[in-house]
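Read off the chains here:
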Amino acid sequence: MEKRVRTRIAPSPTGDPHVGTAYIALYNLAFAWKNGGDFILRIEDTDQNRYVEGSEKMIFDALKWLGLDYAEGPDVGGPCGPYRQSERIQIYAEYAKKLVELGGAYYCFCTPDRLERLRERQKAMGKAPGYDGCCRSLTPEQVKAKLDAGEPYVIRLKMPYEGQTIIHDRLRGDIVFENDKIDDQVLLKADGYPTYHLANVVDDHLMGITHVIRAEEWIASTPKHIQLYKAYGWDMPEFIHMPLLRNSDKSKISKRKNPVSLVWYREEGYLKEGIVNFLGLMGYSFGENKEIFFLEDFKENFNIDNVSLGGPVFDLVKLGWVNNQHMRMKDLDELTRLTVPFFREVGYVGENVGETEFATLRKVVAILREGAPTLKALVQNARQFFDDEISLQEASEDMNSKQKKSVEKLRNSILDEIGKASIALFLEKLKNWPRDGFTVEEARDILHATWEEVNTDSAGKVFMPLRAAITGQSIGTDLYNILYVIGRDRAVARMERMIRNYHIL
Ligand code: GLU
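Quick notes on the rules
- Residues numbered from 1 in each chain as written.
- Predicted model: local features only at pLDDT ≥ 70, side-chain atom pairs only at ≥ 80, totals over all residues.
- Heavy atoms only, no water.
- Helix = DSSP H or I, 4+ residues; strand = E, 2+ residues; numbered from the N terminus.
- Rg over C-alpha atoms; globule rule 2.2 N^0.38 Å.
- Buried < 20%, exposed > 50% of the residue type's maximum accessible area, 1.4 Å probe, protein only.
- Contact = heavy atoms within 4.5 Å.
- Areas by Shrake-Rupley, 256 points an atom, 1.4 Å probe, with all protein chains shown as cover.
- Lys, Arg positive; Asp, Glu negative; His and termini not counted.
- Charge placed at Lys NZ, Arg CZ, Asp CG, Glu CD.
- Near = heavy atom within 4 Å.
- Polar contact = N/O pair within 3.5 Å; in protein donor to acceptor, adjacent residues only side chain to side chain.
- Nonpolar A, V, L, I, M, F, W, Y, C, P; charged D, E, K, R; others polar.
- Core = buried A, V, L, I, M, F, W, Y, C linked by side-chain atoms within 4.5 Å.

K.L.:
What exactly am I supposed to notice about the overall build of the chain here?
P.N.:
Along the backbone of the chain there are 20 helices and nine strands. By the compact-globule yardstick of 23 Å for 505 residues, the chain is too spread out, its C-alpha radius of gyration being 32 Å. Considering the chain as a whole, with its 505 residues, one finds that 49% of them fall into the buried category. The contacts of the chain with a sequence gap of at least 6 include a subset with a gap of at least 24, amounting to 73%. Entry remark: accessible area of the chain is about 24700 Å², with carbon and sulfur atoms responsible for 49%. With 68 positive and 75 negative side-chain charges, the chain shows a separation of 3 Å between the mean positions of the two kinds.

Pasting the structure below:
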């Protein structure tokens with residue numbers, strides 16, 4: 001009988017949850033799903049020096065946010081727990097000792113001092129640093145005597161001195177390593193803690209992992225893992241090394257060049273659908289130029305053998321485009337609800353958002369969602385709907401000459417005779433309007449009627465001063481959309497304020 005497929009991610013809680021973790025999780029999840037198996041989460045927290053408080057919780061939250069649900073994990077439990085390595089220390093110590101008995105590992109009593117001198121000698125001779133195998137030849141009696149005397153020790157992997165270790169990578173074919181180039185890796189440290197290699201392999205075995213799908217940066221570790229499986233006599237999982245996410249200069253994705261924290265992406269207002277879709281595009285192609293999809297489509301369509309190895313570039317512009325497609329597709333009420341915290345952050349709404357206020361936000365979101373890569377960007381474009389304390393825009397240092405010119409044109413437009421007439425006429429029409437609200441069409445009609453009555457060929461001569469009087473800004477959302485959102489009374493108040501402050505009439 002075929003074994004049930006089980007995949008996993010095994011992040012270390014060393015800081016903010018990384019986009020790379022979500023990327024690898026997505027492929028593990030899709031592979032398990034497609035094969036009717038399980039995808040699990042294990043936390044590899046045995047490196048005490050790199051441990052960051054709170055990081056584990058952020059990993060759980062980020063995966064849940066993205067809908068990358070794991071069937072087993074530290075916070076959801078499961079039959080192979082505990083799923084947090086720091087709670088399994090005893091297990092690794094036992095397995096390390098077992099490996100010594102099996103002849104795949106040995107006790108090493110070399111002092112840090114000796115190892116340091118060894119390193120220096122190797123350096124001076126231009127040799128690669130590595131353990132020289134000194135303790136490999138200790139007899140069982142010598143080992144026992146040292147252990148009885150309480151000498152500190154580590155346990156090392158007994159790498160074969162000859163031959164090759166071959167990774168049969170499903171995507172990359174055979175990757176061959178010469179065994180004599182591989183160090184006798186420490187498996188159990190002097191403090192009793194395991195290293196990554198031991199804990200990772202023991203857990204993958206005990207947790208029934210059948211496919212190890214991880215980033216290519218781990219390729220160099222895999223021959224050691226293969227030797228461990230062999231020494232224990234365990235079935236080997238299949239190894240699949242995914243292409244690394246890259247900065248635009250093709251270097252490994254790094255926070256100096258790209259935001260890498262999922263928390264950042266969430267706070268920036270990327271939708272979970274946008275992130276998942278984008279990560280899906282990173283190593284995989286649907287064919288037929290299909291670029292926009294949901295997690296469900298990805299899972300359905302997924303075929304691990306179609307993963308492409310070309311270093312995928314994590315391009316924020318592309319992500320913005322993908323995210324925007326999902327913003328457009330989202331149910332408007334839901335999108336508005338998701339945008340509320342961003343409106344709150346800039347003070348456009350308070351703690352509680354009532355029905356009328358929500359209806360206003362909904363209008364704004366409907367108008368602006370087409371042009372914004374993120375929810376935060378949407379809100380940044382929304383100022384003209386919310387800020388009634390308007391003043392005329394001024395040219396600033398960071399503007400180019402074209403922008404400066406349009407600001408100058410805006411400021412002049414209210415001094416112009418036609419400008420003044422347009423403002424006066426439009427204000428009168430607003431005041432005569434029987435209700436506080438307009439539909440978009442009504443707002444458009446009033447603007448057009450004003451233009452007709454002012455009787456000039458140039459639409460700009462009418463609409464520019466009106467824009468100035470209602471928003472103070474040279475560019476922005478269509479004026480009728482602003483009127484539709486702010487309604488009659490706020491428009492009148494804004495115009496009267498401008499007329500007063502700039503002595504327009
Ligand atoms: N703990 C490793 C990490 O931080 C796991 C690598 C692996 O998947 O084996 O990514």
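Moving on from the coordinates now.
K.L.:
Would you mind going over the site of the ligand with me for this structure?
P.N.:
Arg8, Ala10, Ser12, Glu44, Tyr196, Asn200, Arg214 and Trp218 make up every residue found near the ligand. Here an oxygen atom of the ligand sits 3.1 Å away from a polar atom, N or O, in the side chain of asparagine 200. When isolated, the ligand has an accessible area of 300 Å², and the protein chains bury 83% of it. In the shell around the ligand, the residues fall into three nonpolar, two polar and three charged.

K.L.:
How should I be thinking about the nonpolar core in this particular structure?
P.N.:
In globular proteins that are soluble, nonpolar side chains generally tend to be buried together. Judged by nonpolar contacts, the single largest core of 55 residues is most densely connected at Phe343, Phe385, Phe426 and Met495. Elements with a minimum of two residues in this core: helix H12 (332-345), helix H13 (355-368), helix H14 (375-380), helix H15 (383-386), helix H17 (417-432), helix H18 (440-454), helix H19 (459-470) and helix H20 (479-501). Among the elements that make up this core, the one with the highest residue count is H20 (11 residues). Among residues more than four places away in sequence, those in contact with phenylalanine 385 are Val364, Ile367, Leu368, Thr477, Asn481, Ile482, Val485, Ile486, Arg490 and Arg494. If you look at the next biggest cluster of nonpolar residues, it comprises 53 residues, including Leu26, Leu29, Ile59 and Tyr270.

K.L.:
Help me understand unusual backbone geometry in this model?
P.N.:
For residues besides glycine, phi is generally negative; the peptide bonds are generally trans as well. Each neighbour pair has its own omega, and for glycine 81 with proline 82 the value is -5°, a cis peptide bond. With respect to the secondary-structure elements, proline 82 resides in the loop between helix H2 (55-66) and helix H3 (89-102). Its identity as a non-glycine residue notwithstanding, lysine 250 has a phi of 75°, on the positive side. Mapped onto the elements of the fold, lysine 250 is located in the loop between strand E9 (238-242) and helix H8 (262-267). When its relative accessible area of 45% is taken as the criterion, lysine 250 is described as partly exposed. Positioned with a positive phi, asparagine 455 is a non-glycine residue whose angle comes to about 60°. Note on placement: asparagine 455 falls in the loop between H18 and H19.

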